[in-house]
Amino acid sequence: KPPTPLTSERAAVQIPAEVAAAGQIEVSWQGPNNKGDFISIAKPDEDEDRYLYYTYTRQGSPLKLQAPSEPGSYEVRYVMGHENNMLTKAPITIKPVTATVTPPASAAAKALFEVKWEGPGYKPDYISIAEPDQPEDAYIHYVYTRSGNPAKLKAPDEPGTYEVRYILGQDNNLLDRKTIVIK
């Protein structure tokens, strides 16, 4: 008796052509939904078992997949988790996002001041105040954008020139900065 031929598992993913950086991708999928199967996002040249973010298929269809904060070309993949075997993939473009902060020209030391902002307002995004030479993800004080608009930020204790920054919180990417004088 001849051996039984192996059947190929079938899978498909439906996604938008593009999505904003650090946003959520809604993925409709069909596939075997084995224990450990997942939908991932990766750079096109990455190995099948490599990814930036993933969501297990047990979350159902459609599911939400985290988009990278770095704009560019990516692939959304259906991967059989047991063997890290990619069954299908679809291209997606991650578009850049922008933000602006509008602080007052000056504020009193230790005082709360208002910062108007525009931007994606994702849950981990924040408005910070820092010394101009501090790294982008460093701060003296911060407040999450989800706290409201305008944001209420605490001024540093010491007078001087500082920066108010909009930070894309997922990977602490600086989107905008403006100077403020603390008196």
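Residues numbered from 1 in each chain as written. Predicted model: local features only at pLDDT ≥ 70, side-chain atom pairs only at ≥ 80, totals over all residues. Heavy atoms only, no water.

*Asks:* Is there a simple way to explain the overall build of the chain in this structure?
*Replies:* Scanning the chain from terminus to terminus reveals 0 helices and 16 strands. Looking at the 183 residues of the chain, the share that counts as buried comes to 37%. Residue pairs at least 24 apart in sequence account for 60% of intrachain contacts in the chain once pairs closer than 6 positions are excluded. Approximately 10200 Å² of the chain is accessible, and the part contributed by carbon and sulfur atoms is 48%. Of the side chains in the chain, 20 bear a positive and 24 a negative charge, and the two mean positions are spaced by 5 Å. (Helix = DSSP H or I, 4+ residues; strand = E, 2+ residues; numbered from the N terminus. Buried < 20%, exposed > 50% of the residue type's maximum accessible area, 1.4 Å probe, protein only. Contact = heavy atoms within 4.5 Å. Areas by Shrake-Rupley, 256 points an atom, 1.4 Å probe, with all protein chains shown as cover. Lys, Arg positive; Asp, Glu negative; His and termini not counted. Charge placed at Lys NZ, Arg CZ, Asp CG, Glu CD.)

*Asks:* For this particular structure, what's the right way to read the side chain of Ser40?
*Replies:* When you line up the elements, Ser40 lands in strand 4 (residues 38–42). Ignoring anything within four residues of it in the chain, the contact list for Ser40 reads Tyr51, Tyr53, Tyr54, Leu65, Glu75, Val76, Arg77 and Val79.

*Asks:* Mind showing me how you'd approach the pattern of salt bridges here?
*Replies:* Note that side chains of opposite charge can pair when their charged atoms are close. Under the defined criterion, the tally for this structure stands at 9 salt bridges. A salt bridge links Glu18 to Lys95; the shortest N-O distance between them is 3.4 Å. Within this pair, whereas Glu18 is found in strand 2 (residues 18–20), its partner Lys95 is found in strand 8 (residues 85–95), the two being separated by 77 residues in sequence. Looking at Glu18, the relative accessible area reads 44%, which means it is partly exposed. (Salt bridge = Lys/Arg side-chain N within 4 Å of Asp/Glu carboxyl O.)

*Asks:* Help me understand the packing of aromatic side chains in this model?
*Replies:* To describe a pair of aromatic rings, one takes the distance between the centres and the angle between the planes. Following the criterion strictly, the structure yields 10 aromatic pairs and no others. Ring geometry for Phe38 against Tyr51: centres 5.5 Å apart, planes inclined by 65°, an arrangement best described as edge-to-face. Remark: Tyr51 occurs in the loop between strand 4 and strand 5 (53–56) and Phe38 occurs in strand 4; sequence separation between them is 13 residues. According to the relative accessible area criterion, Tyr51 is partly exposed, its value standing at 36%. Ring centres of Tyr51 and Tyr54 lie 5.0 Å apart, and the angle between their planes is 70°; this geometry places the pair in the edge-to-face category. Of the aromatic side chains, those joined through ring pairs into one cluster are Phe38, Tyr51, Tyr54 and Tyr56. Seen from the ring of Tyr74, Lys43 lies directly overhead, with NZ or CZ sitting 4.4 Å from the centre. (Phe/Tyr/Trp six-rings, centres within 6.5 Å; stacked < 30°, edge-to-face > 60°. Lys NZ or Arg CZ within 6 Å of the ring centre and 35° of its normal.)

*Asks:* Help me understand unusual backbone geometry, please; the structure alone is not making it clear to me.
*Replies:* Trans peptide bonds make up the majority, and among non-glycine residues the majority have a negative phi. A cis geometry characterises the amide bond from Ser61 onward to Pro62, with omega recorded as 0°. A positive phi angle is found at Lys110, which is not glycine, with a value near 70°. Within the fold, Lys110 resides in the loop between strand 10 (106–107) and strand 11 (112–118). Lys110 gets classed as exposed once you look at its relative accessible area, which sits at 54%. Phi at Asn172 takes a positive value of approximately 55°, unusual for a residue other than glycine. Along the chain, Asn172 turns up in the loop between strand 15 (160–168) and strand 16 (173–182).

*Asks:* Can you walk me through the sheet that holds strand 12 (residues 126–130) in this structure?
*Replies:* Hydrogen bonds between backbone atoms are what pair the strands of a sheet, whose relative direction is either parallel or antiparallel. Pairing is mixed in the open sheet, where 5 strands are placed in the order 10-16-15-12-13. What marks the edges here is a single partner per strand, and that holds for strand 10 and strand 13 (141–144). Of the strand pairs in this sheet, strand 10 and strand 16 are connected by 2 bridges, and their pairing is parallel. Within strand 16, the residue paired with Ala107 across the bridge is Ile182. (Pairing = 2+ DSSP bridges.)

*Asks:* Honestly, a negative patch on the surface in this entry has me stumped. Any pointers?
*Replies:* There is a patch of like negative charges on the surface, built from Asp45, Asp47, Glu48 and Asp49. Along the chain, the position of Asp45 falls in the loop between strand 4 and strand 5. Using a relative accessible area of 69% as the deciding quantity, one classes Asp45 as exposed. (Patch = residues over 30% accessible without salt bridge, like charges linked within 9 Å, V, L, I, M, F, W, Y side chains within 5 Å.)

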